[in-house]
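Coordinates in review
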Amino acid sequence: MGMRSGYDPVEVDALIGRIEATLGRGPREVELVTADDVRRATFRTRRGGYQETAVDFALEAFVVALETMAKSPVRLAMAEPTGDLLREEWFETQAAKVERVAFRPGRMATGYNEDEVDAFLDRIVATLRGTTDYPLTVGEVREAKFSTVLFRPGYLIADVDAFLEGIAEVLEQRVARA
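What comes next is a walk through the structure.

The rules behind each value
Residues numbered from 1 in each chain as written. Predicted model: local features only at pLDDT ≥ 70, side-chain atom pairs only at ≥ 80, totals over all residues. Heavy atoms only, no water. Helix = DSSP H or I, 4+ residues; strand = E, 2+ residues; numbered from the N terminus. Expected span 1.5 Å × (residues − 1). Buried < 20%, exposed > 50% of the residue type's maximum accessible area, 1.4 Å probe, protein only. Polar contact = N/O pair within 3.5 Å; in protein donor to acceptor, adjacent residues only side chain to side chain. Patch = residues over 30% accessible without salt bridge, like charges linked within 9 Å, V, L, I, M, F, W, Y side chains within 5 Å. Areas by Shrake-Rupley, 256 points an atom, 1.4 Å probe, with all protein chains shown as cover. Salt bridge = Lys/Arg side-chain N within 4 Å of Asp/Glu carboxyl O. 1 Å grid on protein atoms, 1.4 Å probe; cavity = no way out; pocket = protein on both sides within 12 Å on 5 of 7 lines; lining within 4 Å. Points joined across faces, edges and corners; volume = space filled by probe spheres on them. Nonpolar A, V, L, I, M, F, W, Y, C, P; charged D, E, K, R; others polar. Phe/Tyr/Trp six-rings, centres within 6.5 Å; stacked < 30°, edge-to-face > 60°. Pairing = 2+ DSSP bridges. Contact = heavy atoms within 4.5 Å. Axes fitted to C-alpha atoms, helices over the stretch in contact; angles between N-to-C directions.

In this model, helix 5 (residues 114-129) (16 residues) spans 22 Å end to end at C-alpha, consistent with the 22 Å of a helix rising 1.5 Å per residue. Among all positions in helix 5, only V117, F120, L121, I124, V125, A126, T127 and L128 are buried. With a side-chain oxygen positioned 2.9 Å from the backbone nitrogen of D115, the residue opening helix 5 is N113. Phi turns positive, to about 70°, at G130, one or two residues after helix 5.

Given below as structure tokens:
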């Protein structure tokens, strides 16, 4: 493997560092990038470099992430219902937010299996609405595990995990008030 040519790892790693900083996952002292900057990126080749097709595929995933960065996941309101907003209406509002959530694509062409996450979100909605005979518990939400995918569309793991932690807090309120 050390004899084949590929993209210069130093150049690729530098660009990925800038991409991660732009996406809020790295130090801010580097120059941020746009999706067009990533599309125009070129790398020198060197013996023992990164496999070009894999890097190109990963960079395409980063382009999608950069283009959708403004569409950050919907945050659940953690405040308890007050005033005219009845408790069940508040939980219906939370269920509607779960239905609208949009996760960013996984980094480096990896992420959680979208079908598994979507099915779990359907169970959360049914739990919040009280329309299931088998509601999810706070523990089930916090311990949820999903398959990871590689080189296929998948949800950014950190986004899903953070969102599920918020869901667990909402379910804690449902249990505490029940």
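Text resumes after the structure shown.
A cluster of nonpolar residues, F57, L150 and F151, forms a patch on the protein surface that exposes about 290 Å² of accessible area. Along the polypeptide, F57 turns up in helix 3 (residues 52-67).

Considering all chains together, one arrives at 1 cavity of 30 Å³ or more under this definition. There is about 40 Å³ of room inside the largest cavity. Lining the largest cavity we find L23, R25, A65, R104, P105, R107 and L156. For the lining of the largest cavity, a count of residues per class yields 4 nonpolar, no polar and 3 charged.

We now examine the packing of aromatic side chains. For the coordinates displayed, the defined rule picks out 5 aromatic pairs. With a centroid separation of 5.5 Å and an interplanar angle of 80°, the aromatic rings of F103 and F163 are classed as edge-to-face. In this pair, F103 is assigned in the loop between helix 4 (87-100) and strand 3 (110-113) and F163 in helix 7 (residues 157-177), connecting sequence segments 60 residues apart. On the basis of relative accessible area, F103 is assigned to the buried category, the value being 11%.

Of note, E29 is situated in the loop between helix 1 (9-22) and helix 2 (35-40). As a C-alpha pair, E29 and R18 span 11 residues in sequence and 9.2 Å in three-dimensional space.

As enumerated under the stated definition, the model contains 10 salt bridges in all. Here E11 and R44 are joined by a salt bridge, their closest N and O atoms 2.4 Å apart. Of the two residues, E11 is situated in helix 1 and R44 in the loop between helix 2 and strand 2 (45-47); the sequence distance between them amounts to 33 residues. The class for R44 is exposed, based on a relative accessible area of 58%. Linking R129 and E92 is a salt bridge whose minimum nitrogen-to-oxygen distance equals 2.8 Å.

Moving on: the pairing of strand 3. Consecutive side chains along a regular strand alternate between the two faces of the sheet. As paired strands, strand 3 and strand 4 (residues 148-150) are joined by 3 bridges and run antiparallel to one another. If you follow T110 over to strand 4, its bridge partner there is L150. Of the strand pairs in this sheet, strand 3 and strand 5 (residues 154-155) are connected by 2 bridges, and their pairing is antiparallel. Looking at strand 5, one finds that Y112 is bridged to Y155.

Strands belonging to one sheet form pairs held by backbone hydrogen bonds; the direction of such a pair is parallel or antiparallel. An order of 4-3-5 is seen for the 3 strands of this open sheet, with the pairing classed as antiparallel. Edge positions in the open sheet fall to strand 4 and strand 5, since each of these has one partner strand only. Lying on the sheet, helix 5 is in contact with strand 3 and strand 5; it crosses strand 3 at an angle near 45°.

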